[in-house]
Amino acid sequence: MSDTGAGMPREVQEKAFDPFFTTKQPGQGTGLGLSQVYGFVKQSGGEIKIYSEVGHGTAIKIYLPRAAAAPEIAGQGEGPLVGSSGSETVLVVEDECDVRSYLVETLKDLNYRVREAANGAAALALFDANPFRIDLLLTDIVMPGLNGRELADQLHHRQAGLRVLFMTGYSRDAIVHQGRLDPGVSLLQKPVTQALLAARIREILDKS
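Quick caveat, the model's predicted, so the values are computed rather than measured.

Enquirer: When you look at the pattern of salt bridges in this model, what are you seeing that I'm missing?
Expert: Any two side chains of opposite charge can pair if their charged atoms end up close together. Scanning the model with the defined rule gives nine salt bridges in all. R100 is paired through a salt bridge with E116; the nearest N and O atoms lie 3.2 Å apart. With R100 in helix α3 (residues 97–109) and E116 in strand β4 (residues 113–117), this pair connects stretches of sequence that are 16 residues apart. We classify R100 as buried; its relative accessible area is 13%.

Enquirer: Teacher, can you tell me more about the pairing of strand β2 (residues 57–63) here?
Expert: One face of the sheet, then the other: side chains in a regular strand alternate in exactly this way. For strand β1 (residues 47–53) and β2, the ladder comprises seven bridges, and the chain directions are antiparallel. Bridging from a neighbouring strand, I50 pairs with I60 of β2. Between the antiparallel neighbours β1 and β2 lie three residues, among them G55 with a positive phi of about 90°.

Enquirer: Honestly, the packing of aromatic side chains in this entry has me stumped. Any pointers?
Expert: The description of an aromatic ring pair uses the distance of the two centres, along with the angle that the planes make with each other. Throughout the structure, instances matching the rule amount to two aromatic pairs. Taking NZ or CZ as reference, K61 lies 5.3 Å from the ring centre of Y51, over its face. Over the aromatic face of F132 sits the side chain of R115, whose NZ or CZ is 4.3 Å from the ring centroid.

Enquirer: Hey, could you run me through the pairing of strand β6 (residues 164–168) in this one?
Expert: Counting buried positions along β6 yields five of five residues, so the element is predominantly enclosed. In this sheet, β6 lies alongside strand β5 (residues 136–140) in parallel orientation, the contact comprising four bridges. Across the sheet, the residue bridging to D140 is M167, located in β6. As paired strands, β6 and strand β7 (residues 187–189) are joined by three bridges and run parallel to one another. Across the sheet, the residue bridging to T168 is Q189, located in β7.

Enquirer: Which parts of the structure should I look at to understand a nonpolar patch on the surface?
Expert: Residues M1, I62 and L64 make up a contiguous nonpolar surface patch of about 340 Å² in total accessible area. One can find L64 in the loop between β2 and β3 (89–93).

Enquirer: Help me understand the sheet that holds β3, please; the structure alone is not making it clear to me.
Expert: Strands in a sheet are paired, the pairing made by backbone hydrogen bonds, and the direction either parallel or antiparallel. Spatial ordering of the open sheet is given by β4-β3-β5-β6-β7, a layout of five strands whose pairing is parallel. On the outer flanks of this sheet lie β4 and β7, each paired with one strand and no other. Neighbour to neighbour, the strand axes of the sheet diverge by 20° on average, direction disregarded. As defined by bridge partners, β3 adjoins β4 across five bridges and the pair is classed as parallel. Counted as the bridge partner of V90 is V114 from β4. Relative to the sheet, helix α5 (residues 148–158) contacts β3, β5 and β6, its axis offset from that of β5 by approximately 155°.

Quick notes on the rules
Per chain, residue numbering runs from 1 following the sequence as it is written. Where local features are concerned, this predicted model is filtered to residues with pLDDT of at least 70; where side-chain atom pairs are given and counted, the filter is 80 or more; whole-chain, interface and lining totals use all residues. Note that the side-chain values use all heavy atoms of the structure and ignore hydrogens as well as water. We define a salt bridge as a side-chain nitrogen of Lys or Arg found within 4 Å of a carboxyl oxygen belonging to Asp or Glu. Only runs of H or I of at least four residues qualify as helices and only runs of E of at least two qualify as strands under DSSP, and these elements are numbered from the N terminus. To sort residues, take the accessible area from a 1.4 Å probe on protein chains only and compare it with the maximum for the residue type: under 20% means buried, over 50% means exposed, and anything in between is partly exposed. Strand pairing is defined by DSSP finding a minimum of two bridges between the two strands. Side-chain rings of Phe, Tyr and Trp, where Trp is taken by its six-membered ring, are said to pair if the distance between their centres is within 6.5 Å; with planes under 30 degrees apart they count as stacked, over 60 as edge-to-face, and otherwise as tilted. In this analysis the charged atom, NZ for Lys or CZ for Arg, is taken to sit over a ring once it is within 6 Å of the ring centre and within 35 degrees of the ring normal. Each patch is built from salt-bridge-free residues with over 30% relative accessible area, joining like charges within 9 Å and nonpolar side chains (Val, Leu, Ile, Met, Phe, Trp, Tyr) within 5 Å. Only the protein chains shown count as cover for residues, and the accessible areas themselves come from Shrake-Rupley with a 1.4 Å probe. The convention used is that axes are lines fitted to C-alpha atoms, helices contributing only their stretch in contact, and that angles between N-to-C directions extend from 0 to 180 degrees. Throughout, a residue-residue contact means that at least one pair of heavy atoms, one from each residue, lies within 4.5 Å.

What follows is the structure, encoded as structure tokens:
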């Protein structure tokens, strides 16, 4: 993949894959885009390289190993999906529109009542305008403005005993070590399948 943009100086190239590193202004970027790609490539046993020249553009090359095994059939070995009786409400907070739409549609298919917001501030405004019972807060961790952990803290003050499931596109270690999340909390890594989402939500909601 290549472009003919401004290019990156050497010091930016050296940090480009670091979690949360960004050259954008506060609130305009999370610095997780390239670090997510780096994580996916490394987990697949591949390599990723940046070639960039200031004033001429950037090329990013990804090298992935050839798969020797036959692809698994989607859904093979998965148990039946367990959803809601229809009385449970999930508040979905996700700043990526396509991801949020997927989550909302998936949860509705699982018979959950769903409320949604594009960021932390919008979620608080939604709740404060007409408070409602939240059985589960499903929120991205890294968002412009109020992050997921801060949102959960504020909603805890509004509703005691709130149950929370965090999502992230990066590894648990990176999120915890950067102070975005405490060890041991419920966390899903994107991309999230319907089966995994259904199972984790029931696991959290069914705890006594």
